[in-house]
Amino acid sequence: MRIDIITVLPELMRSPFEGSIMKRAIEKGLVEVHFHNLRDYAYDKRRSIDDYQFGGGAGMVMMIQPIDECITKLKSERDYDEIIYMTPDGETLNQPMANKMSLYENIIILCGHYKGVDQRVRDLHITKEISIGDYVLSGGEIGAIVFCDALIRLIPGVLSDETSALTDSFQDNLLSPPIYTRPAEYKGMKVPDVLLSGHFANIEKWREEKAYEHTKNRRPDLLEE
Ligand code: ADE
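Remember, predicted model here, so these are calculated numbers, not experimental data.

**Some details on helix H3 (residues 64-77)**
For an α-helix the count is 3.6 residues per turn, leaving residues at separations of three or four pointing the same way.
Stage number 1. The end-to-end C-alpha distance of H3, which contains 14 residues, comes to 20 Å, matching closely the 20 Å that a straight helix rising 1.5 Å per residue would cover.
Stage number 2. Within the sequence span of H3, burial applies to Pro66, Ile67, Cys70, Ile71 and Leu74. Angularly, the buried residues of H3 cover 115° about the axis, an arc narrow enough to put them on a single face.
Stage number 3. Taken together, the buried residues of H3 touch strand S1 (2-7), strand S2 (32-37), strand S4 (61-62), strand S5 (82-92), strand S6 (106-111) and helix H5 (119-124).

See below:
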């Protein structure tokens, strides 16, 4: 997968891609991430990328010209499955969306700032708008990092068998069951016997029951879907 990220803060965004699972995915050649600094497409003395809102109102608006030039250039070089704008009024990211988009080959992610982008950018180029939750961040960058992490770990070959994404919370609309490691007893707190029994079928049954119970207590909405 190739991910092109358009941002005014490329430096802020680099470090998550230089560590963790995302770094491994890049090193394995399964993912390429390219940052595009919007200011490289702004040609006035101050390299402005924003301006006042027509009609008045607080907050600056990101101008269409630098964004249009950057996206047009990228689109002339390859086809994109989706051109995504990170915005709090987008579709709220969830696991089924991440599963689907992890199969894409090329995506662009546009990170908004200030009040957001000129509506004409959205009308002209954006094919999908994504929010990472019902709260407002100061820019789309951190949302884009969250989104990339959710996608990249699902790309076949990124995770090893032990860390398989198939058993994650949300993969079957259930939260994960409790997990334990050694020691089997700590300060009188014991690991459930069934997990030490070696009886695979019983262990699976126990995990399913616990996952269901946990979901019912904490996220009953998931069971209704
Ligand atoms: N930009 C600002 N707030 C955001 C959010 N909640 N999700 C995605 N991008 C954003």
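Picking up where we left off.
**Topic: unusual backbone geometry**
Stage number 1. A cis geometry characterises the amide bond from Arg182 onward to Pro183, with omega recorded as 5°.
Stage number 2. Mapping Pro183 onto the fold places it in the loop between helix H6 (141-152) and strand S8 (185-186).
Stage number 3. With a phi close to 65°, Ser20 is a non-glycine residue in the positive phi region.
Stage number 4. Note that Ser20 resides in helix H2 (residues 20-27).

**Some points on the domain arrangement of the protein**
For interface size, the figure often reported is the accessible area lost on association.
Stage number 1. Each assigned domain of the protein is listed here: domain 1 (2-152) and domain 2 (169-224).
Stage number 2. Between the C-alpha centres of domain 1 and domain 2 there is a distance of 37 Å.

**Details of the packing of aromatic side chains**
The geometry of an aromatic ring pair is captured by the separation of the ring centres together with the interplanar angle, meaning the angle of the planes.
Stage number 1. The final tally for this structure, using the stated rule, is 1 aromatic pair.
Stage number 2. Between Phe17 and Phe35, the ring centres sit 5.7 Å apart and the planes meet at 75°, which makes this aromatic pair edge-to-face. Of this pair, Phe17 sits in helix H1 (residues 10-17) while Phe35 sits in strand S2, and the two are 18 residues apart along the sequence.
Stage number 3. Residue classification places Phe17 among the buried positions, given a relative accessible area of 5%.
Stage number 4. Taking the relative accessible area as the measure of exposure, Phe35 reaches 17% and is therefore buried.

**Looking at the side chain of Thr7**
Stage number 1. Positionally, Thr7 belongs in strand S1.
Stage number 2. A relative accessible area of 0% means that Thr7 is categorised as buried.
Stage number 3. Engagement of the side chain of Thr7 in a polar contact is seen with the side chain of Glu141, the distance being 2.6 Å.

**Concerning the UniProt feature "binding site: S-adenosyl-L-methionine" (unreviewed entry) in the protein**
Stage number 1. Taken from the UniProt record, the annotation "binding site: S-adenosyl-L-methionine" (unreviewed entry) applies to Gly112, Ile132, Gly133, Asp134, Tyr135, Val136 and Leu137.
Stage number 2. With respect to the element layout, Ile132 can be found in the loop between strand S7 (128-131) and H6.
Stage number 3. Contact partners of Ile132, with chain neighbours within four places excluded, come to Met86, Leu93, Leu137, Gly143 and Val146.
Stage number 4. Along the polypeptide, Gly133 turns up in the loop between S7 and H6.

**Topic: the side chain of His125**
Stage number 1. Residue placement: His125 occurs in the loop between H5 and S7.
Stage number 2. At a separation of 2.6 Å, a polar atom in the side chain of His125 contacts the side chain of Asp68.
Stage number 3. Sequence-distant contacts of His125, that is, excluding residues within four places in its chain, are made with Asp68, Ile71, Thr72, Lys75 and Ile83.

**Focus: the site of the ligand**
Stage number 1. Lining the immediate environment of the ligand, one finds Met86, Thr87, Pro88, Ile130, Ser131, Ile132, Gly133, Tyr135, Val136, Leu137, Gly139 and Gly140.
Stage number 2. Ile132 is positioned such that a nitrogen or oxygen atom in its backbone is 3.0 Å from a nitrogen atom of the ligand.
Stage number 3. Residue Leu137 places a main-chain N or O atom 3.0 Å away from a nitrogen atom belonging to the ligand.
Stage number 4. When the ligand sits alone it has 260 Å² of accessible area, and the protein chains cover 96% of it.
Stage number 5. Of all elements in the fold, only S5 and S7 reach the threshold of two or more residues within the shell around the ligand.
Stage number 6. A class-by-class count of the residues in the shell around the ligand yields 7 nonpolar, 5 polar and no charged.

**Regarding a nonpolar patch on the surface**
Stage number 1. There is a patch of nonpolar side chains on the surface, built from Leu9, Leu12, Tyr135, Leu137, Ile142 and Val146 and spanning about 520 Å² of accessible area.
Stage number 2. Counting through the fold element by element, Val146 comes out in helix H6.

**Regarding the nonpolar core**
Stage number 1. Of all hydrophobic cores here, the largest spans 34 residues; its most connected members are Ile3, Ile5, Phe17, Ile109, Phe147 and Ile152.
Stage number 2. For this core, the secondary structure elements donating two or more residues are S1, H1, H2, S2, S5, helix H4 (95-101), S6 and H6.
Stage number 3. Those residues within four positions of Phe17 in sequence are excluded, and the remaining contacts are Ile5, Met22, Lys23, Ile26, Val33, Phe35, Ile145, Cys148 and Ile152.
Stage number 4. Ile6, Ala42, Cys70 and Tyr85 belong to the second-largest nonpolar core, a separate cluster that totals 19 residues.

Cut-offs and rules
Residues numbered from 1 in each chain as written. Predicted model: local features only at pLDDT ≥ 70, side-chain atom pairs only at ≥ 80, totals over all residues. Heavy atoms only, no water. Helix = DSSP H or I, 4+ residues; strand = E, 2+ residues; numbered from the N terminus. Expected span 1.5 Å × (residues − 1). Buried < 20%, exposed > 50% of the residue type's maximum accessible area, 1.4 Å probe, protein only. Arc of directions from axis to C-beta. Contact = heavy atoms within 4.5 Å. Domains from an automatic or database assignment. Phe/Tyr/Trp six-rings, centres within 6.5 Å; stacked < 30°, edge-to-face > 60°. Polar contact = N/O pair within 3.5 Å; in protein donor to acceptor, adjacent residues only side chain to side chain. UniProt positions renumbered as here; feature names shortened; annotations may be inferred. Near = heavy atom within 4 Å. Areas by Shrake-Rupley, 256 points an atom, 1.4 Å probe, with all protein chains shown as cover. Nonpolar A, V, L, I, M, F, W, Y, C, P; charged D, E, K, R; others polar. Patch = residues over 30% accessible without salt bridge, like charges linked within 9 Å, V, L, I, M, F, W, Y side chains within 5 Å. Salt bridge = Lys/Arg side-chain N within 4 Å of Asp/Glu carboxyl O. Core = buried A, V, L, I, M, F, W, Y, C linked by side-chain atoms within 4.5 Å.

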